[in-house]
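Secondary and tertiary structure notes
Chain residues, written in single-letter form:
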Amino acid sequence: MKVRYRDLSVDDPVMKQELLEAVDKVLTHGKIILGPEVEEFEGLVADYCKKKHALGVGCGTDALYLALKALGVGAGDEVITTPLSWIATVNAIVLTGAAPVFVDIDQDLNINPDLIPAAITPKTKAIVPVHFTGRVCKMDKIVRMAQKHKLFVVEDAAQAFGAKLNDTMAGSFGDIGCFSMNAMKVFCSYGEAGAIVTDNSEMHEKLVSLRYNGTINKEDCHTPSINARIDTVQAAMMNINLKYLGKKIDRLREISKYYNENLKDIVTCPLEDESYHIYYSYTILIENRKKLIEYLQEKGIETKIQHPILMPYHTAFRGKYPRYDLPVAEKLVDRILCIPNHDKLRDDEVEYVATAIKEFYK
Ligand SMILES: Cc1ncc(COP(=O)(O)O)c(C=O)c1O
């Protein structure tokens, strides 16, 4: 048997037809740049996240960079974040001119909020929590701390569109929420896309300008920025995808529940807590990782390590931002392994993966 880690193809014939018709419509009306489907997408995302405004952008990296810029984060500022994320999180911070300050993670792989106060200095301007793997961080604590110290909160909810904590959607706790909708994500495009949500109308206006080279009325540049406009074709297809998102999340949670029940006595599983986890990745913590990967490979099972290098230890950043103490992240990063979890997996494939892991540890 061959079990793929992800399968990005579209096999539901009804959905495929709807997607093709959505693309056809854009090609026919010809409003290719920020066409009507973008406005529809922004309305749908704002409603879904229960926020006043949403802005479609080119990708999640754009979303983070523009959010930090809109809040005035720049040279001389410090931004607190986790060491365990895709490198885009720290790139967005560094590209504003600010310095990242890494705070260790907890066993749930998210930033440990109890360690944040010790990292705050007079230079701290914002906190960027990452809802890693699709599980919402302990946002109540983080938001309370940010309010106390007058810091902005920019959520990196790139992996967590649809996740919740106490009925509040990921991305809607802080000042600004950022999403990636690249093809790998649960709520995905068929290429690159992202979105930014906020309740702050002034901030939204700034973001609209920053999305198009910092221009007002698309002509006069007020703040140097980038072109981060979302593709209309991607927005049109995501408007269709949003209808199917609930079903997709249900399936990911069903598979994860099966893994949790069958593997929890053998490896450390991402068990349920008070948050509504969407399981963008199903990440276990294990010993003998290399051997398990090889064993699963022999059985035709693909796995992935997301992400194998802590952000401060990437070549670009090693030794550059030395103010951190990361014993938990350093230990766990060598133990994480993501096993197949996508909506096209059949039950027998899920059982096959769980059985193979059980056999390995027997
Ligand atoms: C946690 C995290 N932050 C940021 C990003 C960047 O998003 P994008 O790839 O859409 O630029 C990603 C994407 O993979 C991500 O997983």
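Residues numbered from 1 in each chain as written. Predicted model: local features only at pLDDT ≥ 70, side-chain atom pairs only at ≥ 80, totals over all residues. Heavy atoms only, no water.

1. A short note on unusual backbone geometry
Of note, the bond from Gln 306 into His 307 is cis; its omega dihedral lies within 30 degrees of zero at 5 degrees. Positive phi, normally seen in glycine, also occurs at Asp 167, with a value near 70 degrees. When you line up the elements, Asp 167 lands in the loop between β6 (164-165) and β7 (168-169). Note on Asp 167: relative accessible area 62%, which makes it exposed. (Helix = DSSP H or I, 4+ residues; strand = E, 2+ residues; numbered from the N terminus. Buried < 20%, exposed > 50% of the residue type's maximum accessible area, 1.4 Å probe, protein only.)

2. Thoughts on the side chain of Asn 260
By the secondary structure assignment, Asn 260 is in helix α7 (residues 232-263). Once you skip the residues sitting within four places of it in the chain, Asn 260 turns out to touch Cys 269, Pro 270, Leu 271, Glu 272, Tyr 279 and Tyr 282. (Contact = heavy atoms within 4.5 Å.)

3. Looking at the sheet that holds β7
Pairing within the open sheet is antiparallel, and its three strands lie in the order β7-β6-β12. Two strands in the sheet have a free side with no partner beyond their single neighbour: β7 and β12 (275-276). Bridging between β6 and β7 involves two bridges; their strand directions are antiparallel. From the neighbouring strand, Lys 164 faces β7, where its bridge partner is Met 169. (Pairing = 2+ DSSP bridges.)

4. Side note on empty space enclosed by the protein
In the structure shown here, the tally under the stated rule is one cavity of 30 Å³ or more. The space that makes up the largest cavity amounts to roughly 40 Å³. Forming the walls of the largest cavity are Ala 158, Gln 159, Ala 160, Phe 161, Ser 180, Lys 185, Val 186, Phe 187, Ile 278 and Tyr 280. Residues belonging to the lining of the largest cavity are distributed by class as follows: seven nonpolar, two polar and one charged. (1 Å grid on protein atoms, 1.4 Å probe; cavity = no way out; pocket = protein on both sides within 12 Å on 5 of 7 lines; lining within 4 Å. Points joined across faces, edges and corners; volume = space filled by probe spheres on them. Nonpolar A, V, L, I, M, F, W, Y, C, P; charged D, E, K, R; others polar.)

5. Structural notes on the packing of helix α3 (residues 60-70) against helix α6 (residues 201-211)
Viewed as axis vectors pointing N to C, α3 and α6 meet at an angle of 125 degrees, and their least axial separation amounts to 9 Å. By the criterion of interaxial angle, the relationship of α3 to α6 is oblique. Regarding α3 and α6, the two cross each other, and that crossing is right-handed. Here Leu 66, Ala 67, Lys 69 and Ala 70 of α3 come into contact with α6, specifically with Met 203, Lys 206, Leu 207, Leu 210 and Arg 211. Partitioning the contact of α3 with α6 into residue classes produces six nonpolar, no polar and three charged. (Axes fitted to C-alpha atoms, helices over the stretch in contact; angles between N-to-C directions. Parallel < 35°, antiparallel > 145°, perpendicular 65-115°, else oblique. Left-handed = near helix turned anticlockwise from the far one by under 90°.)

6. Some details on the layout of surface pockets
With a probe scaled to a water molecule rolled over the atoms, the places where space remains empty come into view. Reported here for the largest pocket is a volume of approximately 510 Å³. Lining the largest pocket are 28 residues, and of these Ser 9, Met 15, Lys 248, Asp 343 and Lys 344 sit closest to its centre. In terms of residue count, α7 provides more of the lining of the largest pocket than any other element does, seven residues in total. Among the residues making up the lining of the largest pocket, the classes are represented as 13 nonpolar, five polar and 10 charged. Each of domain 1 (13-102 + 112-238) and domain 2 (245-361) contributes no fewer than three residues to the lining of the largest pocket. Around the second largest pocket, the lining comprises 21 residues; the ones closest to its centre are Trp 86, Ala 88, Ser 180, Asn 182 and Lys 185. Classifying every residue of the lining of the second largest pocket gives eight nonpolar, nine polar and four charged. (Domains from an automatic or database assignment.)

7. A few points about the site of the ligand
Not every one of the 15 residues close to the ligand is listed here, only the nearest: Gly 60, Thr 61, Asp 156, Ser 180 and Lys 185. At 2.7 Å, a backbone N or O of Gly 60 approaches an oxygen atom of the ligand. Asp 156 is positioned such that a nitrogen or oxygen atom in its side chain is 2.7 Å from a nitrogen atom of the ligand. The protein chains hide 92% of the 380 Å² of surface that the ligand would expose on its own. Spatially, the ligand is embedded in the second largest pocket. Sorting the residues of the shell around the ligand by element identifies α3 and α4 (88-95) as the ones contributing at least two each. Here the shell around the ligand takes three residues from α3, the largest share from any one element. (Near = heavy atom within 4 Å. Polar contact = N/O pair within 3.5 Å; in protein donor to acceptor, adjacent residues only side chain to side chain. Areas by Shrake-Rupley, 256 points an atom, 1.4 Å probe, with all protein chains shown as cover. Sits in = over half its atoms within 2 Å of the grid points.)

8. Here's the deal with the sheet that holds strand β2 (residues 78-81)
What holds strands together in a sheet is hydrogen bonding between their backbones, with the strands either parallel or antiparallel. Strand order in this open sheet of seven strands is β1-β9-β8-β5-β4-β2-β3, and the pairing throughout is mixed. The open sheet terminates on both sides in strands that have one partner only, identified here as β1 (53-57) and β3 (99-102). Taking the axes of each pair of neighbouring strands and ignoring which way they run, one obtains an average angle of 25 degrees across the sheet. Note that β1 and strand β9 (residues 194-198) share five bridges and pair antiparallel. Directly across from His 53, in β9, lies its bridge partner Thr 198. Strand contacts of α4: β2, β3, β4 (124-128) and β5 (152-156), with the helix running at about 140 degrees to β3, the strand carrying the most contacts. Packing of α6 onto the sheet brings it into contact with β1, β8 (176-180) and β9, and relative to β1 it is tilted by some 15 degrees.

Bear in mind that shape data such as this cannot, by itself, settle questions of function.
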